[in-house]
Structure formats: C-alpha cells, structure tokens
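# Topology and contacts: notes
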Amino acid sequence: MIDLALVRSDPERVRESQRRRGDDVGVVDRILAADTRRRAALTEFERARAEQKSLGRAVAQAHGDLKTELLARTKDLARQVKALQADAEAADAEARDLVMSIGNVVEPGVPAGGADDFVVLRTQGTPRDLAAEGVPVRDHLELGEGLKAIDMERGAKVSGARFYFLTGVGAQLELAILNAAMGAATSQGFSPMITPTLVRPETMRGTGFLGSHADEIYYLDKDGLYLTGTSEVALAGYHTDEILDLSDGPLRYAGWSACYRREAGSAGRDTRGIIRVHQFHKVEIFSYTRAEDAATEHERFLAIQEAMLQALELPYRVIDTAAGDLGSSAARKFDCEAWLPSQERWMELTSTSNCTTFQARRLAIRERGEDGTQPVATVNGTIGTTRWIVALLENHQQADGSVYVPPLLRPYLGGVETLTPVL
RNA sequence: GGAGAGUUGACCGAGCGGCCGAAGGUGACAGUCUUGAAAACUGUUGAGGCGUAACCCGCCUCCGCGGGUUCGAAUCCCGCACUCUCCGCCA
C-alpha cells in the first residue's frame, strides 16, 4: 500500500510511477476524489458522534422529566450517528480499496517499460565455448539423468507435470546449495529461519501477492489457507502489527522453505526438466530496515547474491528490471541471470526487490521515531534455489557427461570434485 | 473430533452498562540526590485518524476479530480466530 499522504502532497509523482509501470494513471485522481469524500463523511460522523457522547453524559446525570426529555432526543441522534458512521465507513473502504489497487511507487532510475525493457548493469564471467573445448552440449536434464540425479518420469507418475524427484547426488546437490546459502547468510548476520508454507489470507494479502498474481497461488479451500511461493510471505508476516526497534540496525532473516507455484500462465514454457516447476526449495534473505536505508540494503543484497554466484563460478549478468515488470510490492528489482548453454540464453537465478514501505504499510509494521511511529521498509532476495542445479550442471559439464563441483559445495558432497555419470 | 478456561498497552495485571483509553505494578526515558553508579524519590511514557500543510489545541476510533442489544458497551448477547488444560484419534 502506498502512502495516501504522498498522493495528496505529490500526485504527479504517483502518476509518473503509474505511467512507467504501464498502469492506470486516472486512478490517482479517483483516489484524491475518494479521499475528499472520505474526509467529509468522517468529519460529519465525528461531529454527530461527539454530540451523542456529550448528550449521553448528560443523560447519565439527569433525573425525572429532564431525563425523559433528553432520552427522547438521543434516540433520534443515535439513528443519525449510525447512518453517518455507515457512510463514513463506506467512503473509507472505497478510498482504501483504490489505494490498495495500485503498485508501489517506483524508485528513481528504474527503466520505464515492460519485461523486455530491462537494463543490463554488468556481466560477470564468460560463458564457456563448449564447442571449442570439444564438449558436446547436454542440457541439465540429460546431464541429471546421466548422474541419476533427476527423475522427471516418476515425478509425473506420482504428482503430474512439472513435478520431479531429486535422487542421490541430485538431492545432495540441492541440499548443498541450500546449506551453502544458509551459511553465507548467517555469516552476514542474517538469522536462520524455517518458515510456515501455509499462510492465512490476511498474510498473503498483506505481502501484496493477491493482486494480479493471485492465479499463481495454490489455495486450500477447506482450510482457507494459501501455499506460499516464497518464504518472503512468512518472513514479511512475521512482524505484522508490531513496532520494531531498529536502533541497532536492520532486522535480517534468512528463510528456508519449500515454495509452491501453480505456473498458471506459463503452459508450454520451460516444460523440460526442472527450470519451471510447481514445487522447489529456496533460501531467501529478508530485511526490515529504516526507509532511508532501504536502497543501501538493496545493494547489499545484490552484493551477497553476486558473491554466491561467483563462488559457484557461474557466468551471469545483472539486470535492472523495468517498471512494468515489477511486482506490485517492488519499487526496484535486480535479477541475476546465469548463462544457460543448452538454450544459449540467460536464465534468472536470483531476484532482489526493494519494497520500500509498501508491504510494511499493509502489515502495520513500524518503528518508533523521534515523534511517533513510521513504517519500516522491507527488502528481499534469493540466495539459493533448486533451479541453481540447472545452471551448475550445464555450465560445469565435461565432455564425458561428468560435472565439475565448485569448492563452495564440496564440503556438502563428501568432498568430491566431480560428479560422474552412473552407468 | 469432544469438554472447559482464557485473549486488556512494550510486559504483568485490575476493571461496577454512564469523567474508563482504561487502576496498580514492571520496564523505558527525564529530573532530584551522588565524584560516578546503584538505591530512593518525583515526573513522563499506547496506536490510528479528522479538524489542518505544520505547531498548539480540540475531537473521533481502537480493550483478539466481526456483528447485535442499548440513549450509552472493555463490561451484556451471538459468530469467528487464536492460546492453554483435559479427553479422544493419529504419529
């Protein structure tokens, strides 16, 4: 939820944000109109209510005829107050719905446009020339099957399309990635967390995921619970309705969880292997910071992500996502994309979003300031997922179908330097 | 799944249908005292909103959430969520 005060004081800034996102600009003026109605209705209700209260106090002290007379007046007033309250509540709900309907105000510097209008900030490492090395390019599934690491067929048999088993070294590889990520996060001061993956509607709504992406989310009708697509949801909900003490710096958490995604709009895309699946694991870092420190924290997240990818010796590029491709909560988003040799394209491995005060406003998460409280900012980012297996297998493949293991992961794989095919 | 008890501010905890946004305590902050600290004493200390752009001030809302009764609800009634205890069931 954006700041209503900002809409009032600087509507043009909000209009510009909507324009860059490619969203409805007219909503800004509808918000202003609704807010005017809301305040008028509220003032009227409050005036009537104040009268009712003072009359009520008089009733309590009056006796006899005077009391009877006063009671006659209050009855009518009570009806009036009730009606005015209903008006005020309706006007408030209307204004609130409108404010809730728009995405976060994008940060200055965010490229305008849609999914293809990202800006490449830098490219790190060089994709191998596999042909020159005499390595026949195998994709991650072929490599994974050779290693007996990935079993798609049985995944489909048991659960359907986009499900899989990780077996043997495949399972170990995933645990290695996640453990390395958890280790990196804790050494950077993030508290390790294992989070719930089923959440209440209020939590899902509060984190901004029930907007345009609602179709992406699994819902358990019998229980009224949503399956989360990222531990960001639980980590953001963790401090709902709290006033935090950030005087010792940001609160930093690293959440490990299974993630569930319906992939409703992506039929036919990335159908081979484990690039796009319904269930995977992820380690997510998450910070609650002061609003003025959020951009710095965001850069910090990106640096941690890049350090992970470099330690895994993966060639990648960093993109600054265009406004139209941002989630509703994000004011700015950086993705790291690794090279995918089998498809000769870049594939997203990490994403980090600065949500500024958008989520915190919805979830009522504040900090105590000089005078009163103010909403905090939230920042989130990926530092390890199942999908990283894809990039590792493909980029580190050898001519014989074996796969080089970067040193960071070896401690989790019994010290081996190479994964070799099972014949 | 069944039965019972509970949910009040940062925390503990009292609360009669009518000066109750709520006693008392703890904590925190400030002051007095002290070379300094502790102790003691004194004071301050919830959130959201409207008037209003800001101050002062005034007003409204909030006692788990949502309804209802009433001139008037933290208090009475109904529903829901959550917590705890016991029983049952399953690990």
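Residues numbered from 1 in each chain as written. Chains lettered and ligands numbered in written order. Predicted model: local features only at pLDDT ≥ 70, side-chain atom pairs only at ≥ 80, totals over all residues. Heavy atoms only, no water.

### Notes on the overall build of chain A
What chain A contains, in helices and strands, is 13 helices and 18 strands. Judged by the C-alpha coordinates and their principal axes, chain A covers about 105 × 45 × 45 Å. Across the 423 residues of chain A, 48% fall into the buried class. Long-range pairs, those at least 24 residues apart, make up 73% of the contacts in chain A with a sequence separation of at least 6. Of the side chains in chain A, 49 bear a positive and 61 a negative charge, and the two mean positions are spaced by 5 Å. (Helix = DSSP H or I, 4+ residues; strand = E, 2+ residues; numbered from the N terminus. Buried < 20%, exposed > 50% of the residue type's maximum accessible area, 1.4 Å probe, protein only. Contact = heavy atoms within 4.5 Å. Lys, Arg positive; Asp, Glu negative; His and termini not counted. Charge placed at Lys NZ, Arg CZ, Asp CG, Glu CD.)

### Let's talk about the packing of helix α2 (residues 11-21) against helix α3 (residues 27-61)
What describes two packed helices is the angle between their axes and the distance between those same axes. Relative orientation of the contacting elements α2 and α3 amounts to 145°, with a least axis distance of 9 Å. Along its contact with α2, which presents Pro 11, Val 14, Arg 15 and Gln 18, the element α3 presents Val 27, Val 28, Asp 29 and Leu 32. Its residues assigned to classes, the contact of α2 with α3 comprises five nonpolar, one polar and two charged. (Axes fitted to C-alpha atoms, helices over the stretch in contact; angles between N-to-C directions. Nonpolar A, V, L, I, M, F, W, Y, C, P; charged D, E, K, R; others polar.)

### Considering the domain arrangement of chain A
We note that the domain assignment places domain 1 (4-100) and domain 2 (119-419) within chain A. The C-alpha-based centres of domain 1 and domain 2 are spaced at 43 Å. (Domains from an automatic or database assignment.)

### As for the protein's contact with RNA strand B
In the vicinity of RNA strand B, 24 residues are found, and the nearest of them are Arg 49, Lys 53, Lys 75, Arg 200 and Thr 373. Restricting attention to atoms of RNA strand B within 4 Å of the protein, one finds that 77% of them are sugar or phosphate atoms. The contact in question runs from a phosphate oxygen of RNA strand B to an N or O atom on the side chain of Lys 75, over 2.8 Å. Within the residue set of the surface near RNA strand B, elements represented by two or more residues are α3, α4 (64-100) and β14 (366-368). Top element by residues in the surface near RNA strand B is α3. It accounts for 13 residues. Within the surface near RNA strand B, the residues separate by chemical class into eight nonpolar, five polar and eleven charged. (Near = heavy atom within 4 Å. Polar contact = N/O pair within 3.5 Å; in protein donor to acceptor, adjacent residues only side chain to side chain.)

### Considering the nonpolar core
Where a protein is soluble and globular, its nonpolar side chains tend to be buried together. Counting 56 residues, the largest nonpolar core has Leu 173, Ile 274 and Leu 409 as the members making the most contacts within it. Residues in contact with Leu 409, not counting those within four places in the same chain, are Leu 173, Ala 176, Ile 177, Ala 180, Leu 312 and Leu 392. Ranked by size, the runner-up nonpolar core spans 15 residues in total, among them Val 28, Ile 31, Ala 95 and Phe 358. (Core = buried A, V, L, I, M, F, W, Y, C linked by side-chain atoms within 4.5 Å.)

### A closer look at the sheet that holds strand β5 (residues 198-199)
Read from one edge of the open sheet, three strands run β5-β7-β6, paired in antiparallel fashion. The sheet is open, and its two edges are formed by β5 and β6 (219-220), each paired on a single side. Pairing analysis gives two bridges linking β5 to strand β7 (residues 225-227), with the strands arranged antiparallel. Considered in β7, the bridge of Val 199 is made with Tyr 226. (Pairing = 2+ DSSP bridges.)

### Some remarks on the pattern of salt bridges
Here the structure, examined in full by the defined rule, presents 28 salt bridges. Measuring nitrogen to oxygen at the nearest pair gives 2.6 Å for the salt bridge that ties Lys 282 to Glu 284. Here the two residues Lys 282 and Glu 284 agree in accessibility, since each one is buried. Asp 320 is paired through a salt bridge with Arg 332; the nearest N and O atoms lie 2.5 Å apart. Of the two residues, Asp 320 is situated in strand β11 (residues 316-320) and Arg 332 in strand β12 (residues 332-340); the sequence distance between them amounts to twelve residues. A relative accessible area of 3% means that Asp 320 is categorised as buried. (Salt bridge = Lys/Arg side-chain N within 4 Å of Asp/Glu carboxyl O.)

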